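Inside the fold
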Amino acid sequence: MPKEVIVLGGGVYGANIAKGLFDAATAAGKTLDLHVTLVTSRDDFLFPPVNIRNSVDDVASWYIRPYDKIFASKPSAGKVVKGTAVAIDKTAKTVRLETGASLRYDFLVIATGQIWSAPNNPPNDHDAVLRYFADLRAKISAAKSVVVIGGGSVGTELAAEIKDHYGDAKRVTLVHSERLPLTDAYVDKFRNKVRALGEELGVEFIFDARGEDRGDGTVLVTPNGGKAQQEVLAADAVFVCLSPAPNAAFAPPEWRDAAGRVRVRDTLQVHGDDAVFAAGDVNSVPETKQAAKAAKAVATVIANVTALAAGDTNARLRTYGPGMEAIALSLGTKKAIGVVPLPFFGPTLLPGFVVRKIKGPDLFSSKAIQAVGY
Ligand SMILES: Cc1cc2nc3c(=O)[nH]c(=O)nc-3n(C[C@H](O)[C@H](O)[C@H](O)COP(=O)(O)OP(=O)(O)OC[C@H]3O[C@@H](n4cnc5c(N)ncnc54)[C@H](O)[C@@H]3O)c2cc1C
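Residues numbered from 1 in each chain as written. Predicted model: local features only at pLDDT ≥ 70, side-chain atom pairs only at ≥ 80, totals over all residues.

Topic: the packing of helix H5 (residues 153-166) against helix H6 (residues 188-201)
Here H5 crosses H6 at 25°, and the two axes come no closer than 9 Å. Taken together, H5 and H6 sit at an angle that is classed as roughly parallel. Judged by the twist between their axes, the crossing of H5 over H6 is left-handed. Packed against H5, whose contacting residues are Thr 156, Ala 159, Ala 160, Lys 163 and Asp 164, the element H6 presents Val 194, Gly 198 and Leu 201 at the interface. When its residues are assigned to classes, the contact of H5 with H6 shows four nonpolar, two polar and two charged. (Axes fitted to C-alpha atoms, helices over the stretch in contact; angles between N-to-C directions. Helix = DSSP H or I, 4+ residues; strand = E, 2+ residues; numbered from the N terminus. Parallel < 35°, antiparallel > 145°, perpendicular 65-115°, else oblique. Left-handed = near helix turned anticlockwise from the far one by under 90°. Contact = placed C-beta atoms within 7 Å. Nonpolar A, V, L, I, M, F, W, Y, C, P; charged D, E, K, R; others polar.)

If you want it as structure tokens, here you go:
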């Protein structure tokens, strides 16, 4: 009997891990007897960074792909189950889906990401996803004033993208609780440059303040510290881009930390269970969560699952640890900026043309969809 590996979540990390394990099990001359089941709540793989461009311009064809090809080369070694995990029984080693179905595993990989809000919380069914983005585009197009609450990378990219697309036709205000865009994971010279590029596009920043969507076409802005006056902004469209929560409520509480993330060791195995791994945005590794970090984490999980599945109990498992933070921001179609830590030089700015070259004209989509065999 092949060992059964269940991968929960078919996003950037889960799809790559499932495909990598399947490829390892089906490679010519392989000795690894493994069957991979990818359980994912969506009809399609989608690459979240492109949601922002798709909110102003229909680029769905760049980055949304079905899972039909991921295991097509040997269907007996892998299958995709569309479903949402709602509970895990760690003693019986089963995952229960919302349909009531129960799936047994020898190894489990949790890669269910985080819970976002619009424009990053599309529904699960293919047609509904396309409708969701069409509705968003119509809403943004009709709005004269847009307020984005939260100036992390997602909120900053969204505000810039709308301004880049619509120019003076819309007023776009970004309310952020810090003194500059993003967080102090990045150096001030980078954050100042992001601010300057946003302002060149016409984004109006309100820093050191918190925004509250009052649901009546207004946003209440409360300055930090309670000294300055509150302000009410009119908003035909409001986007709340605050820190997302991990998507792991279905996992046993003893596997989760206080923030709800799946607690992992440096081998990416869950604390207290050697057969269970967690990768990507859902896990507790203290780092800025990014698709760009996937290659190393995915390779770690694949190496460790294959070593354990091969019965190599003496194997020295691979480890993963947070590195220094780098980021490449797209601010609409024409502006971009990045920062990367370089040995001896420290955090070094990447000019826009370099970032655009790295991300490519489709914002990395054509590389990302390779995860599902496209
Ligand atoms: C707007 C935006 C811009 C970004 N820009 C960048 C960038 O420029 N560079 C960068 O490196 N990173 C960027 N990121 C972050 C990057 O997209 C994430 O780090 C990455 O997608 C995380 O991958 P993941 O597999 O952990 O989660 P996801 O890609 O979110 O995938 C999670 C998957 O799990 C499925 N799922 C959820 N719950 C369940 C369940 N209970 N059962 C079964 N399946 C489930 C979901 O349907 C989904 O397919 C951006 C993110 C956003 C939202």
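And the narrative resumes.
Some remarks on the site of the ligand
Near the ligand lie 33 residues; those nearest to it are Gly 9, Gly 11, Gly 113, Gly 280 and Gln 290. For the shell around the ligand, the secondary structure elements donating two or more residues are helix H1 (12-26), strand E2 (34-40) and helix H2 (51-54). For the shell around the ligand, the leading source of residues is H1, giving three residues. Looking at the shell around the ligand residue by residue, the classes come out as 16 nonpolar, 14 polar and three charged. (Near = placed C-beta within 6 Å.)

A closer look at unusual backbone geometry
The omega angle of the peptide bond from Ala 118 to Pro 119 is 10°, so this bond is cis rather than trans. Inspection of the secondary structure puts Pro 119 in the loop between strand E10 (114-115) and helix H4 (126-142). At Asp 208, a position not held by glycine, the phi torsion is positive, near 55°. Examined against the element boundaries, Asp 208 turns out to sit in the loop between strand E13 (204-206) and strand E14 (209-213).

Considerations on the domain arrangement of the protein chain
According to the domain assignment, the protein chain consists of domain 1 (3-41 + 83-116 + 244-309) and domain 2 (141-241 + 325-360). Distance from the C-alpha centre of domain 1 to the C-alpha centre of domain 2: 32 Å. (Domains from an automatic or database assignment.)

Brief notes about helix H7 (residues 294-309)
For H7, which comprises 16 residues, the first-to-last C-alpha distance of 22 Å matches the rise-based estimate of 22 Å (1.5 Å per residue) to within 8%. Along H7, the positions that sit buried rather than exposed are Ala 294, Ala 297, Val 298, Thr 300, Val 301, Ile 302, Asn 304, Val 305, Thr 306, Leu 308 and Ala 309. Against the buried residues of H7 lie strand E1 (3-8), H1, E2, strand E9 (107-110) and strand E20 (273-278). Gly 311 lies just past H7 and shows a positive phi near 80°. (Expected span 1.5 Å × (residues − 1). Buried ≥ 20, exposed ≤ 12 C-beta atoms within 10 Å, placed from the backbone.)

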